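Examination of the molecular architecture
Listed below are the residues making up each chain.
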Amino acid sequence: MRDMTVFERSPVTVFAAEMMEVFDRTPTEKELVSQSKELCRDFIHSRIIREGLSWSKVEPDLPEPHGALADVSVVLLKLGDELECMRPYVYRNIAKQLNISVAVEAVVSDAFLSVATEILAMGITWGKVVAIYAVAAGLAVDCVRQGHPVMVHTIVDSLGEFARRSLVPWLKKRGGWGDISKCVVNMDSRAHAHWLSTALLSWREFIKTMYIYLTK
């Protein structure tokens, strides 16, 4: 295993160490679901703002990310930026690609859950998790742009349900969301290549899902 002691004074390493210290207690299922939804809301909000649109992300039962979770949100957004730069057209116009109406809550929820499930069909990696958040944000942007901002809350809730069913056991094994810091701490080129390959796999699974959804 590569010796990481050379990074002891790196600000990135210090940042990651602080995150892991805060997450030293494995969160409960309820906490992980809530955190997943908070991160989703922040991810979506950043993409809506980037597109020059507006949406109120205030939800009475969902607090703002703070402390270590806010730091996780920053990492998730940066990884999302990298993924979207690789395949920008994949994470735009999601509703059009899936040929769905964003006016119907059940349709939006079912479409998102179908895509998310297919992305993880061959296993879970951080690259695939980021891809799911990018899909959620792309679909949310479509909803706001087409005059159905209330559907954003549907997407956030759907991701929470998906996290409860499919992500929580995996997150627990890694001690929670703080583990995502490893994607930015490890600067080894092979690790970066692995991140890119898992992201590309997510893209292929996404395309496959769109085909399956359209031919149902």
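Let me sum up the structure you'll find in this document. It should be emphasised that the depicted structure is a prediction, and the values quoted were computed from it without experimental measurement. (Residues numbered from 1 in each chain as written. Predicted model: local features only at pLDDT ≥ 70, side-chain atom pairs only at ≥ 80, totals over all residues. Heavy atoms only, no water.)

What about the packing of helix H2 (residues 29–50) against helix H7 (residues 151–173)?
At a closest axis distance of 8 Å, the pairing of H2 and H7 adopts a crossing angle of 135°. Comparing their axes, H7 and H2 come out oblique. With respect to the hand of their crossing, H2 and H7 are arranged in right-handed fashion. Across the interface between the two elements, Glu29, Leu32, Val33, Ser36, Lys37, Cys40, Arg41, Ile44 and Ile48 of H2 pack against Val152, Ile155, Val156, Asp157, Leu159, Gly160, Ala163, Arg164, Val168, Leu171 and Lys172 of H7. Taken together, the residues of the contact of H2 with H7 break down into 12 nonpolar, two polar and six charged. (Axes fitted to C-alpha atoms, helices over the stretch in contact; angles between N-to-C directions. Helix = DSSP H or I, 4+ residues; strand = E, 2+ residues; numbered from the N terminus. Parallel < 35°, antiparallel > 145°, perpendicular 65-115°, else oblique. Left-handed = near helix turned anticlockwise from the far one by under 90°. Contact = heavy atoms within 4.5 Å. Nonpolar A, V, L, I, M, F, W, Y, C, P; charged D, E, K, R; others polar.)

Quick look at unusual backbone geometry
Its identity as a non-glycine residue notwithstanding, Asn93 has a phi of 55°, on the positive side. Here Asn93 lies in the loop between helix H3 (68–86) and helix H4 (94–98). Positive phi is not limited to glycine here, since Asn99 has a value of about 55°. In this structure, Asn99 sits in the loop between H4 and helix H5 (105–119).

Focus: the packing of aromatic side chains
According to the stated counting rule, one finds four aromatic pairs in the structure shown. Ring centres of Tyr133 and Trp177 lie 5.7 Å apart, and the angle between their planes is 85°; this geometry places the pair in the edge-to-face category. Here Trp177 lies in the loop between H7 and helix H8 (182–185) and Tyr133 lies in helix H6 (residues 126–145), a separation of 44 residues in the sequence. On the basis of relative accessibility, which here comes to 1%, the residue Tyr133 falls in the buried class. Overall, the relative accessible area of 0% leaves Trp177 in the buried class. Counting every residue linked through ring pairs, the aromatic cluster contains Phe43, Trp126, Tyr133, Trp170 and Trp177. The ring centre of Phe43 lies 4.5 Å from the NZ or CZ of Arg47, which sits over that ring. (Phe/Tyr/Trp six-rings, centres within 6.5 Å; stacked < 30°, edge-to-face > 60°. Buried < 20%, exposed > 50% of the residue type's maximum accessible area, 1.4 Å probe, protein only. Lys NZ or Arg CZ within 6 Å of the ring centre and 35° of its normal.)

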